[in-house]
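A closer look at the structure
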Amino acid sequence: MSKVLLTATVSKVPQLTLVGAGPGDPELITLKGMRALQEADIVLYDALANEELLQYIRPNIPKIYVGKRGGRKYKSQEEINELIVRCAENYGHVVRLKGGDPYIFGRGHEEQTYAEAQGVSVSVVPGISSVYSVPALQSIPLTKRGVSESFWVITGTTRHGALSQDVALAAQSTATVVILMGMRQLSRIQNVFEGYGQQHTPVAIIQNGSLPEEKIGIATVATMVDMAEEENLGSPAIIVIGEVVREHKVPAWVKEVVQYA
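We now turn to the structure provided with this report. Just so you know, these numbers come straight off a predicted model, no measurement behind them.

**Some points on the pairing of strand S11 (residues 215-220)**
Summarising burial for S11: six of the six residues are buried, a large majority. Going residue by residue along S11, you find Lys215, Gly217 and Ala219 tucked away on one face and Ile216, Ile218 and Thr220 tucked away on the opposite face as well. Here six bridges tie strand S10 (residues 202-207) to S11, and the two strands are oriented antiparallel to one another. By the bridge assignment, Ile206 is partnered in S11 with Ile216.

Quick look at the structure:
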């Protein structure tokens, strides 16, 4: 991480660009996101933003890690909000590089609202979300004619550390259910789905999606906790529950797939 002087002054207009870095593979950032990185005066990046992307920043441009992962915080969200504004006032163009899409469980809108309230202009570059891209890379469609007409996207853990009540609502539908940040709640998720008679519904748990170290486990609702424990699957991972998981095909580049009856 570069040492950054936050007391410098510039004549540039303070501005913030929220950039989605995509699901992990650095080639899955958008062209517009790449251009924003190349134009940045300072970059603040997250844990889930691939650090390989930092090579596209201009030489001597400061970069600051502000990641949060699995409940471990390098900086609080309030500190990040304040840091964004200070950097914009002292450097000019801040690029906030966030994993996936900044508006899908990325707290991007909170950062936008805070920055705008402090007089910083804000633009957004959407990113490719792991919600749909990571299953797609495993040939798992979230919707398919005659199989699934819709899908839910749910956080597994609320800001208070509890399981989202939406999980129970989703378990009563026939839709595909995608759960992010849910590995710590996996046993509770299993119990909820079993409570609605979905013991035999197929499940995919995909860890480090789109990266060379990607792992995937295929199970059913009734066996997904045992499978995840035996195969040491953990965060960051997404959980896909639904009949579309039966469409899964193993890509040639994936090193490890576990089938669990």
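**A short note on the pattern of salt bridges**
Applying the stated criterion across every chain yields a total of nine salt bridges. A salt bridge links Asp46 to Lys98, with the shortest nitrogen-to-oxygen separation between them at 3.7 Å. With Asp46 in the loop between strand S2 (42-45) and strand S3 (63-65) and Lys98 in strand S6 (residues 93-98), this pair connects stretches of sequence that are 52 residues apart. For the salt bridge of Glu111 with Lys98, the shortest nitrogen-to-oxygen distance reads 3.2 Å. Of the two residues, Glu111 sits in helix H3 (residues 108-117) while Lys98 sits in strand S6, which places them 13 residues apart along the sequence.

Procedures and definitions
- Residues numbered from 1 in each chain as written.
- Predicted model: local features only at pLDDT ≥ 70, side-chain atom pairs only at ≥ 80, totals over all residues.
- Heavy atoms only, no water.
- Buried < 20%, exposed > 50% of the residue type's maximum accessible area, 1.4 Å probe, protein only.
- Helix = DSSP H or I, 4+ residues; strand = E, 2+ residues; numbered from the N terminus.
- Pairing = 2+ DSSP bridges.
- Salt bridge = Lys/Arg side-chain N within 4 Å of Asp/Glu carboxyl O.

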